[in-house]
Amino acid sequence: MANTIQHARSEILVQAYSFTSEPIAQALMASQQRGVKVEVILDKSQRTEDDSMAGLLVEAGIPVDGAPGGAGTPSIFTTPAPTRPAG
């Protein structure tokens, strides 16, 4: 997953109930520093959970919105790097 995040070119959209992975949080923050637009939607409880990475993302300037009752199926959408034609 972190590899996919590292190759995003312009936008990363994340939706999950909870977010506790520090490696993925670090990859999201590194992508933002490269100029990639990053937005996250989590269950609203994640703003106060001890093991949540939401606070770390907010401190890094990444918008984190809370959805009441959960944010559905975990998903990450990215805009991948363009591929070069063979030849």
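One can find the structure itself at the top, above this paragraph.
What you see is a predicted model, and the numbers here were worked out from it, not measured in a lab.

1. A look at the nonpolar core
- Grouped together as the largest cluster of nonpolar side chains are 20 residues, with contacts concentrated most on I12, F19, L28, V40 and L57.
- Of all the secondary-structure elements, those providing two or more residues to this core are β1 (8-15), α2 (22-33), β2 (37-43) and α3 (54-59).
- By residue number, the principal contributor to this core is α2, which donates 5 residues.
- Not counting chain neighbours up to four residues away, the residues in contact with V40 comprise V14, L57, I62, P63, V64 and D65.

2. Some points on the pairing of β2
- When β1 meets β2, the two strands line up parallel, connected through 5 bridges. Counted as the bridge partner of V14 is V40 from β2.
- Handedness of the crossover joining β1 and β2 through α2: right-handed.

3. Some remarks on the pattern of salt bridges
- Per the counting criterion, the structure on display carries 2 salt bridges.
- Taking the shortest distance from any N to any O, the salt bridge between K37 and E11 comes out at 3.9 Å. Here E11 lies in strand β1 and K37 lies in strand β2, a separation of 26 residues in the sequence.
- Under the relative-accessibility criterion, K37 is labelled partly exposed at 43%.
- Between K37 and E39 there is a salt bridge, and its shortest N-O distance comes to 3.1 Å.
- On the basis of relative accessibility, which here comes to 32%, the residue E39 falls in the partly exposed class.
- Because the salt bridges share partners, they merge into one network encompassing E11, K37 and E39.

4. Thoughts on the environment of S21
- Mapped onto the secondary structure, S21 falls in the loop between β1 and α2.
- Separated by 31 residues in the primary sequence, S21 and S52 have C-alpha atoms spaced 8.0 Å apart.
- There is a polar contact of 3.3 Å between the side chain of S21 and the backbone nitrogen of I24.

The rules behind the values
- By convention here, each chain's residues receive numbers from 1 onward along its written sequence.
- For a predicted model such as this one, the threshold for reporting local features is a pLDDT of at least 70, and the threshold for listing and counting side-chain atom pairs is 80 or more; totals across whole chains, interfaces and linings nevertheless cover every residue.
- Computation of side-chain values covers all heavy atoms of the structure but excludes hydrogens and water.
- Residue types Ala, Val, Leu, Ile, Met, Phe, Trp, Tyr and Cys, when buried and joined through side-chain atoms within 4.5 Å, form a set referred to as a nonpolar core.
- Three labels apply to residues, based on accessible area from a 1.4 Å probe with only protein chains included: buried if under 20% of the type maximum, exposed if over 50%, partly exposed otherwise in between.
- Each helix is a run of DSSP H or I of at least 4 residues and each strand a run of E of at least 2, with the numbering of both proceeding from the N terminus.
- The contact criterion used is simple: two residues touch if any of their non-hydrogen atoms lie within 4.5 Å.
- Criterion used throughout: strands pair if DSSP finds at least two bridges between them.
- Crossovers are marked right-handed if the path from the first strand over the helix to the second runs clockwise, as seen with the strands pointing away from the viewer.
- Any carboxyl oxygen of Asp or Glu within 4 Å of a side-chain nitrogen of Lys or Arg constitutes a salt bridge here.
- Polar contact criterion, stated in full: a pair of N or O atoms within 3.5 Å, where within protein one must be able to donate a hydrogen and the other to accept it, and residues adjacent in sequence count only if both atoms are side-chain atoms.

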